[in-house]
Amino acid sequence: MSEAAKDRTLRFLSGLFYALEDRNHSIEKVNGPHEVRVVINGEPVAITIVEPNWRDDRKKIRRLIFSIDGHVPKGAQRNWQDSASGGLEKKIPSIVLGLERMAPLLRQWREQLEAKRAVREAERREQELPAFRLKQLESDLQDWQKMTLLMDLIAYLDRNTEETGEDQERLRAWIEWATTIARCSDPLSKGVKSFLDRYSQAPERPAWY
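Residues numbered from 1 in each chain as written. Predicted model: local features only at pLDDT ≥ 70, side-chain atom pairs only at ≥ 80, totals over all residues. Heavy atoms only, no water.

Asks: So what exactly am I meant to see when it comes to the overall build of the protein chain here?
Replies: Along its length, the protein chain carries 4 helices and 7 strands. If you list the helices and strands of the protein chain from N to C, you get α-β-β-β-β-β-β-β-α-α-α. When the 209 residues of the protein chain are sorted by exposure, 28% land in the buried category. When the accessible surface of the protein chain is split by element, carbon and sulfur atoms take 52% of a total near 14900 Å². (Helix = DSSP H or I, 4+ residues; strand = E, 2+ residues; numbered from the N terminus. Buried < 20%, exposed > 50% of the residue type's maximum accessible area, 1.4 Å probe, protein only. Areas by Shrake-Rupley, 256 points an atom, 1.4 Å probe, with all protein chains shown as cover.)

Asks: How should I be thinking about helix α3 (residues 168–185) in this particular structure?
Replies: Think of an α-helix as turning once every 3.6 residues; residues three or four places apart then point the same way. Between the first and last C-alpha of α3 there are 25 Å, a value that for 18 residues agrees with the 26 Å anticipated at 1.5 Å per step. Those residues of α3 that fall on the buried side of the exposure criterion are L171, I175, A178, T179, A182 and S185. On an axial view of α3, the arc spanned by its buried residues comes to 120°, and they lie on one face. Away from its buried face by more than 90 degrees, α3 exposes E169, R170, E176, W177, R183 and C184. Where α3 is buried, its residues meet α2 (92–159). (Expected span 1.5 Å × (residues − 1). Arc of directions from axis to C-beta. Contact = heavy atoms within 4.5 Å.)

Asks: Even after reading the chapter, I still don't get the nonpolar core, so can you show me in this structure?
Replies: As a rule of thumb, soluble globular proteins bury nonpolar side chains together. In terms of nonpolar packing, the biggest core is built from 24 residues, with F12 and L16 touching the most fellow members. For this core, the secondary-structure elements that each account for two or more residues are α1 (3–22), β2 (36–40), β3 (43–50), β6 (65–68) and α2. Of the residues forming this core, the biggest block, 7 residues, is contributed by α2. Apart from the residues lying within four places of it in its own chain, the contact partners of F12 are I49, F66, L88, E89, I92 and I95. (Core = buried A, V, L, I, M, F, W, Y, C linked by side-chain atoms within 4.5 Å.)

Asks: How should I be thinking about the environment of F132 in this particular structure?
Replies: Locating F132 in the fold gives a position in helix α2. Between the C-alpha atom of F132 and that of P203, which follows or precedes it by 71 residues, the distance is 8.5 Å. Look past the residues within four positions of F132 in its chain and what remains in contact with it is R198, Y199, Q201, A202 and P203.

Structure (structure tokens):
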């Protein structure tokens, strides 16, 4: 973007943001200081402004184009640009109106998308449940075996403390430590309900998956 276009862009955005805030909308940063989006009645709308190069037979024509970035419902206006009828600055009222019309459509589209994702996620978790339960059972059996063997060892040492002689204090400290480890290893340490809850459904995937 040329230096002249940068100056115009800043002036245009300043006017646009003022007009939006005057109608109780807001502006928020996304990632960096130069990346923002507008929030129309609570719905975020990504925006962008560019200076493309067009050529005719006589000279290069440079214009600014303001766009709604990302998904735009069919039939909705996405772009506003400089034209013979005036620059972007004069189209701010039209842009604000367009953004206000776009916001509920974007909200509806987003909610439909989230609902479809929720259905797919539920189906995925249902399909993966048998394998997940088997894996969970194997883990619980390993923990149960570790816990029972450790508790057997603790019980044996507790019954034969007289054999330790002068190491009584060290043995009691070890038994206390080992008992804590055994309790942490017990898959039933939080009760039967908590134990069964772990088998109820496969875990959710991270949002980035």
